[in-house]
Amino acid sequence: MRALLRALALFAVPIALLAAGFALVFTSAALPPSLAGLKIYGPYIVFALGAALAIGFNRGRALIALLVLALAYGLQQAWLQHGLGDHPARAVYAALTVFVPLNLGALALLPERGAFTRQGALRLAAVGLQAALTAWAAAAAGQSEIVDWVYQRFLEPTPFSAGRIPQLGLAAISLGVLAAMAATFSTRSATSAALAGAILAFAIAAHVPNAAVTFSIFTAMAELMVTVAVLQDTFRMAFRDELTGLPSRRALNERLAALPRTYTVAMVDVDHFKKFNDTYGHDLGDQVLKLVAAHIDRVGGGGRAYRYGGEEFTILFPGKEADEAIPYLEALREEIEAYRIALRGADRPRKAKGAKRQRGGWRGRDAASVTISIGVAQRNDRLATPLAVIEAADRALYRAKDQGRNRVAR
């Protein structure tokens, strides 16, 4: 549930900026003359800011998304402000409604490969090819049949035939949003969530292609979504563990500085993890860490889980004494002990010839379980600092291991 809520929270910024876009459309007439230029140059300003951040943090997906949106706005300024009455305007509009959402949706699905890399250059070349095709279709009046096909109505019921956006463009918008949302829930990436919001913002702008202010505002909102996402993802990389998704040790250190006077710390370690890794392989070892982290993240009693390092985790119980926290830790230990892990899925290869490591059974028919040991300590007059409490919990963890593992010790 916490993981789902965190994924849904990623859409908070795009939703807020979409609402802000509607508010600005209705209040833009009230802007003082000194700020009137923002109606025209706003998207370019946001693009420059976002591109600088994307380059600074080496976020290639965000950089290309911002470039696509800025190009779309530039084409709208050059060709669409006077309507869709001539062939070049119709060709440009058709290309924008198809290419922009497909590009943004594809970027949401693609992994991050940096700004100035071979992959980044290939993605940029793909955008350049689309721009060249758009220019060719707009300049060649003899290609009107291709443009007319894009505007063809494949479905006649009202929701599919209403509005200016071609049905092919509506399909591209729908596909792009679904792809970006799926990527968001899969990767927990703020950039993917921002790209879903950016497609919706672009769709609103494209619905009125000759309304300069509306197109400008919603393009700027789309760019702002991507820009904010660069900061969100950078923060996540700094304060979230990439493998498990739990807050990292850096986040733990910040939280320790703001704890109340009463709190309990639990140090959790996966028993015999090195042996498990050596027996079944590092890939399965990573799966074990993710599984254990998922269980720890759901611990009750108001506990907050962090990855301390390696196979070790930390759980903080702010405002709780050790006696209050231990029942939740015992329940966590039993839950992990009872969970069975399939050692081989259908896609896992058989043991390679001459390999020394045992790979387990076939097609998931063999399974194993892991256990955890937990050391607990609470703040008191003798353990007055967070560091002292953590060290005491760590000593208790070693006692738990010395006593046979798979237990909670104080």
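Relevant structure appears above.
What comes next is a walk through the structure.

1. Overview of the overall build of the protein chain
When helices and strands are counted, the protein chain shows 16 helices and seven strands. Seen through its principal axes, the protein chain has C-alpha atoms that stretch 85 × 60 × 40 Å. Among the 410 residues that make up the protein chain, the fraction classed as buried is 46%. Within the structure as shown, the protein chain displays about 20300 Å² of accessible surface, and the carbon and sulfur contribution to it stands at 60%. If you average the places of the 45 positive and of the 31 negative side-chain charges in the protein chain, the two averages end up 4 Å apart.

2. Topic: the pattern of salt bridges
Taken as a whole and assessed by the stated rule, the structure comprises twelve salt bridges. Here K274 makes a salt bridge to D278, at a shortest N to O gap of 3.1 Å. Of the two residues, K274 and D278 are both situated in helix α13 (residues 273-280); the distance of four residues between them amounts to about one turn of the helix. Note on K274: relative accessible area 61%, which makes it exposed. Between R333 and E334 there is a salt bridge, with the nearest N and O atoms lying 3.7 Å from each other. Residue R333 is classed as buried on the basis of its relative accessible area, which comes to 11%. Connected through salt bridges with shared partners, the residues E330, R333, E334 and E337 form a single ionic network.

3. Brief notes about the environment of P247
Residue placement: P247 occurs in the loop between α11 (212-239) and α12 (249-256). C-alpha separation for the pair P247 and A182, spaced 65 residues apart in sequence, amounts to 23 Å. Residues in contact with P247, not counting those within four places in the same chain, are F239, R240, D241, R304, A305, Y306 and R307.

4. Section: the sheet that holds strand β7 (residues 408-409)
The strand order β2-β3-β1-β6-β7 describes an open sheet built from five strands, whose pairing is mixed. Strands with a single pairing partner mark the edges of an open sheet, and in this sheet they are β2 (304-309) and β7. Judged from the seven bridges that link them, strand β1 (residues 263-270) and strand β3 (residues 312-318) form a sheet pairing that is antiparallel. The residue of β3 that forms the bridge with V265 is L316. Those strands touched by helix α15 (residues 322-338) are β1, β3, β6 (372-378) and β7, and its axis lies near 170 degrees from that of β6. Across the face of the sheet, helix α16 (residues 386-402) comes into contact with β1, β2, β3, β6 and β7 while running at roughly 145 degrees to β6.

5. Focus: α15
Think of an α-helix as turning once every 3.6 residues; residues three or four places apart then point the same way. In this model α15 runs 24 Å from its N-terminal to its C-terminal C-alpha over 17 residues, within 8% of the 24 Å that 1.5 Å per residue would give. Within α15, the full set of buried residues consists of A322, A325, I326, L329, L332, R333 and I336. Along α15, the residues classed as buried sweep out an arc of 125 degrees about the axis, all on the same side. Of the exposed residues in α15, the ones pointing more than 90 degrees away from its buried face are D323 and A338. Buried residues along α15 sit in contact with β1, α14 (282-297), β3, β6 and β7.

What counts and how
- Residues numbered from 1 in each chain as written.
- Predicted model: local features only at pLDDT ≥ 70, side-chain atom pairs only at ≥ 80, totals over all residues.
- Heavy atoms only, no water.
- Helix = DSSP H or I, 4+ residues; strand = E, 2+ residues; numbered from the N terminus.
- Buried < 20%, exposed > 50% of the residue type's maximum accessible area, 1.4 Å probe, protein only.
- Areas by Shrake-Rupley, 256 points an atom, 1.4 Å probe, with all protein chains shown as cover.
- Lys, Arg positive; Asp, Glu negative; His and termini not counted.
- Charge placed at Lys NZ, Arg CZ, Asp CG, Glu CD.
- Salt bridge = Lys/Arg side-chain N within 4 Å of Asp/Glu carboxyl O.
- Contact = heavy atoms within 4.5 Å.
- Pairing = 2+ DSSP bridges.
- Axes fitted to C-alpha atoms, helices over the stretch in contact; angles between N-to-C directions.
- Expected span 1.5 Å × (residues − 1).
- Arc of directions from axis to C-beta.

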